[in-house]
Amino acid sequence: DLHNKMNIPYAEGSFWHARFGHIVTYGAGYYSYLYDQVFAADLWQGCFSNDPFNRQQGHNLRHKILIHGGSKDPNKCFEDMLGRAPSVQSFSSLYGI
């Protein structure tokens with residue numbers, strides 16, 4: 001048993017391994033965060049990097065992406081905003097890849 005090998009105490013009858021939520025869910029959460037950064041970098045580079053306070057681009061962001069919540073395919077929202085499919089290029093250049 002893992003708890004004996006690693007000297008991790010637990011209460012008999014409990015599911016001690018289920019209490020390590022950060023071990024079970026951390027990887028998925030971390031990679032989801034990185035995936036979100038791909039889209040954020042692409043939107044930033046494509047719409048806001050030259051003028052972060054561009055009123056028209058802010059309006060477009062609200063009405064082409066944010067207003068839909070989860071009711072519209074995110075890829076379609078992104079394509080409506082940028083006029084093209086998402087690209088990893090902006091994210092890659094952000095990290096020097």
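Everything below is about the structure shown above.
Below, the structure is looked at part by part. (Residues numbered from 1 in each chain as written. Predicted model: local features only at pLDDT ≥ 70, side-chain atom pairs only at ≥ 80, totals over all residues. Heavy atoms only, no water.)

**A few points about the pattern of salt bridges**
Spelled out, the test is: Any carboxyl oxygen of Asp or Glu within 4 Å of a side-chain nitrogen of Lys or Arg constitutes a salt bridge here. Note on conventions: DSSP H or I runs of at least 4 residues are helices, E runs of at least 2 residues are strands, and numbering of each starts at the N terminus. Relative accessibility thresholds used throughout: buried, under 20% of the residue-type maximum; exposed, over 50%; partly exposed, between the two (1.4 Å probe, protein chains only).
Enumeration according to the criterion identifies 3 salt bridges in this entry. With a shortest N-O distance of 2.6 Å, aspartate 42 and arginine 84 are connected by a salt bridge. Here aspartate 42, found in helix 2 (residues 21-48), pairs with arginine 84, found in the loop between helix 4 (74-82) and helix 5 (89-94); they are 42 residues apart in sequence, far enough to count as distant. A relative accessible area of 1% means that aspartate 42 is categorised as buried. On the basis of relative accessibility, which here comes to 33%, the residue arginine 84 falls in the partly exposed class. Among the ionic pairs, aspartate 80 bridges to lysine 76, the shortest N-O distance being 3.0 Å.

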